[in-house]
Amino acid sequence: MISALNQLVDYIDGHLTEEIAIDDLAVSLGMTEYHLRRMFSSLAGMPLSEYVRRRRMTVAATDVLEGGELLAITVRYGYGSTEAFSRAFRSVHGAGPSDVRRDGGPLRTQPQLRFRLTVEGNTPMDTRVADRPAFRLIGYSARVPLIHHGPNPHIQAHIASLPAAEHARLKALGNTDPKGLLQVSADVDPDYTEGSELTYLHGVAVTPTTPVPGELDAIEVPAGTWAVFRAEGAYPAVLQSTWASTATDWFPSNPWRLRPGPSMVAVLDRSADFSTASCELWLPVERA
């Protein structure tokens, strides 16, 4: 995977003035576009689309400084109008092309990325791989923004809006793995862009034939394989660090890749104030 990511950034740098078909490129690298985008964003700390934009604007800055005609530069880098190019340029450099041409800056360079795998082996991951038949997730869902670090106040507010008795009722409805109340993230942006919207469901897993109360939302989950990561410690920091470790440690070292589908967190035990917890992170996977 590390080799594939480095081939990806080499390809991007060689085709900055062309339309880059990530789906075709992923196939040529023996990966799915979904897995490629998720692993890139997890390891690079930015979405793949954002990296491409930063690299384009880094190279385009040289053309701007050399006095090239703005419309020609706009067309060269695939933008439909000088206004669109100027917005992208300003978002990266903090100043428009005319300002940079006049003042010589400011310029913010995005270096070409280079991925390396460092294996320390001092933090084993408690993981199992589970094959599961089709099941259904039921509960209360909401559209919320993705937040990478710290508690998500939108999810907290969604959960807090449910009556206390409703948590107990939901838990009683669950009748299949993963057991207990679940925190489900679905319809996540493949680039894992912070601030992008996802569907969050607070609920439980049930068999496909289980009747669903009319007031509850449902997500149908087809049969498939799941990688299950156990995490214990300060919450939600331990869960977020475990998520990051799947990209930096587990996937590069194992013959699995992410497949589209919801991710689920099963809280097995927690302190009264939820400052610490033992939980399982369920990720949909397939053989690489």
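Residues numbered from 1 in each chain as written. Predicted model: local features only at pLDDT ≥ 70, side-chain atom pairs only at ≥ 80, totals over all residues. Heavy atoms only, no water.

Caption draft 1: Region of the structure containing the overall build of the protein chain. A tally of regular secondary structure across the protein chain gives 10 helices and 9 strands. Taken across its 288 residues, the protein chain has 45% of its residues classed as buried. Considering only intrachain contacts with a sequence separation of at least 6, the fraction spanning at least 24 residues in the protein chain is 74%. For the protein chain, the accessible area works out to roughly 13,900 Å², and carbon and sulfur atoms hold 52% of it. In the protein chain, 26 side chains carry a positive charge and 33 a negative one; their mean positions are 1 Å apart. (Helix = DSSP H or I, 4+ residues; strand = E, 2+ residues; numbered from the N terminus. Buried < 20%, exposed > 50% of the residue type's maximum accessible area, 1.4 Å probe, protein only. Contact = heavy atoms within 4.5 Å. Areas by Shrake-Rupley, 256 points an atom, 1.4 Å probe, with all protein chains shown as cover. Lys, Arg positive; Asp, Glu negative; His and termini not counted. Charge placed at Lys NZ, Arg CZ, Asp CG, Glu CD.)

Caption draft 2: Region of interest: the UniProt feature "domain: HTH araC/xylS-type" (unreviewed entry) in the protein chain. Mapped onto the present numbering, the UniProt feature "domain: HTH araC/xylS-type" (unreviewed entry) falls on residues 6–103. As annotated, residues 6–103 has a helix share of 73% and a strand share of 0%, and its two end C-alpha atoms lie 35 Å apart. (UniProt positions renumbered as here; feature names shortened; annotations may be inferred.)

Caption draft 3: Examining the packing of helix 1 (residues 2–14) against helix 4 (residues 48–65) more closely. The geometry of helix 1 relative to helix 4 is characterised by a closest axis approach of 10 Å and an angle of 40 degrees between their N-to-C directions. In terms of their interaxial angle, helix 1 and helix 4 are classed as oblique. With respect to the hand of their crossing, helix 1 and helix 4 are arranged in right-handed fashion. Contact with helix 1, carried on its side by Leu-8, Val-9, Ile-12 and Asp-13, involves Leu-48, Tyr-51, Val-52 and Arg-55 of helix 4 and no other residues of that element. (Axes fitted to C-alpha atoms, helices over the stretch in contact; angles between N-to-C directions. Parallel < 35°, antiparallel > 145°, perpendicular 65-115°, else oblique. Left-handed = near helix turned anticlockwise from the far one by under 90°.)

Caption draft 4: Fine view of the nonpolar core. Of all hydrophobic cores here, the largest spans 27 residues; its most connected members are Phe-251, Leu-258, Leu-281 and Leu-283. Here this core takes 6 residues from helix 10 (residues 237–253), the largest share from any one element. Among all residues touching Leu-258, those that are not within four sequence positions of it are Thr-32, Tyr-34, His-35, Arg-38, Met-39, Trp-243, Phe-251, Leu-283, Pro-284, Val-285 and Glu-286. Ranked by size, the runner-up nonpolar core spans 21 residues in total, among them Ala-4, Leu-5, Leu-8 and Leu-25. (Core = buried A, V, L, I, M, F, W, Y, C linked by side-chain atoms within 4.5 Å.)

Caption draft 5: Seen up close, the pairing of strand 8 (residues 263–270). Examined bridge by bridge, strand 3 (residues 182–186) and strand 8 share 4 bridges and lie antiparallel to one another. Directly across from Ser-185, in strand 8, lies its bridge partner Ser-263. With 6 bridges connecting them, strand 8 and strand 9 (residues 276–287) associate as antiparallel partners. By the bridge assignment for strand 9, Val-267 is matched with Cys-279. Counted between consecutive antiparallel strands, the loop separating strand 8 from strand 9 contains 5 residues, among which Phe-274 sits at a positive phi close to 60 degrees. (Pairing = 2+ DSSP bridges.)

Caption draft 6: Representation of the packing of aromatic side chains in the model. If you walk through the whole model with that rule in mind, you get 9 aromatic pairs. Cluster of aromatic residues (ring-pair linked, three or more members): Phe-40, Tyr-51 and Phe-115. The ring of Trp-226 is capped by Arg-259, whose NZ or CZ atom sits 5.2 Å from the centre of that ring. When the ring centre of Trp-256 is taken as origin, the NZ or CZ atom of Arg-287, which lies over that ring, is 5.4 Å away. (Phe/Tyr/Trp six-rings, centres within 6.5 Å; stacked < 30°, edge-to-face > 60°. Lys NZ or Arg CZ within 6 Å of the ring centre and 35° of its normal.)

Caption draft 7: Region of interest: the side chain of His-202. In this structure, His-202 sits in strand 4 (residues 197–206). Side chain to side chain, His-202 and His-167 meet in a polar contact 3.1 Å long. (Polar contact = N/O pair within 3.5 Å; in protein donor to acceptor, adjacent residues only side chain to side chain.)

Caption draft 8: The arrangement of the pattern of salt bridges in detail. Taken as a whole and judged by the stated rule, the model has 18 salt bridges. Between Arg-169 and Glu-215 there is a salt bridge; the shortest N-O distance is 2.6 Å. Taken together, the positions of Arg-169 in helix 9 (residues 164–173) and Glu-215 in the loop between strand 4 and strand 5 (217–221) put the pair 46 residues apart, joining distant regions of the chain. Classification of Arg-169 by relative accessible area gives partly exposed; the value is 29%. Linking Glu-286 and Arg-257 is a salt bridge whose minimum nitrogen-to-oxygen distance equals 2.9 Å. Residue Glu-286 is found in strand 9, and its partner Arg-257 is found in strand 7 (residues 256–258); the two are separated by 29 residues along the sequence. For Glu-286, a relative accessible area of 27% translates into the label partly exposed. What makes Arg-257 buried here is its relative accessible area of 17%. (Salt bridge = Lys/Arg side-chain N within 4 Å of Asp/Glu carboxyl O.)

Caption draft 9: How the structure looks around helix 6 (residues 82–93). Helix length check: helix 6 (12 residues) gives 16 Å between terminal C-alpha atoms against 16 Å at 1.5 Å per residue, within 8%. Within helix 6 the residues assigned to the buried category are Ala-84, Phe-85, Ala-88, Phe-89, Val-92 and His-93. Viewed along the axis of helix 6, the buried residues span an arc of 150 degrees, placing them on a single side of the element. Buried-residue contacts for helix 6 involve helix 4, helix 5 (70–76) and helix 7 (97–103). One or two steps after helix 6, the chain reaches Gly-94, where phi turns positive at roughly 80 degrees. (Expected span 1.5 Å × (residues − 1). Arc of directions from axis to C-beta.)

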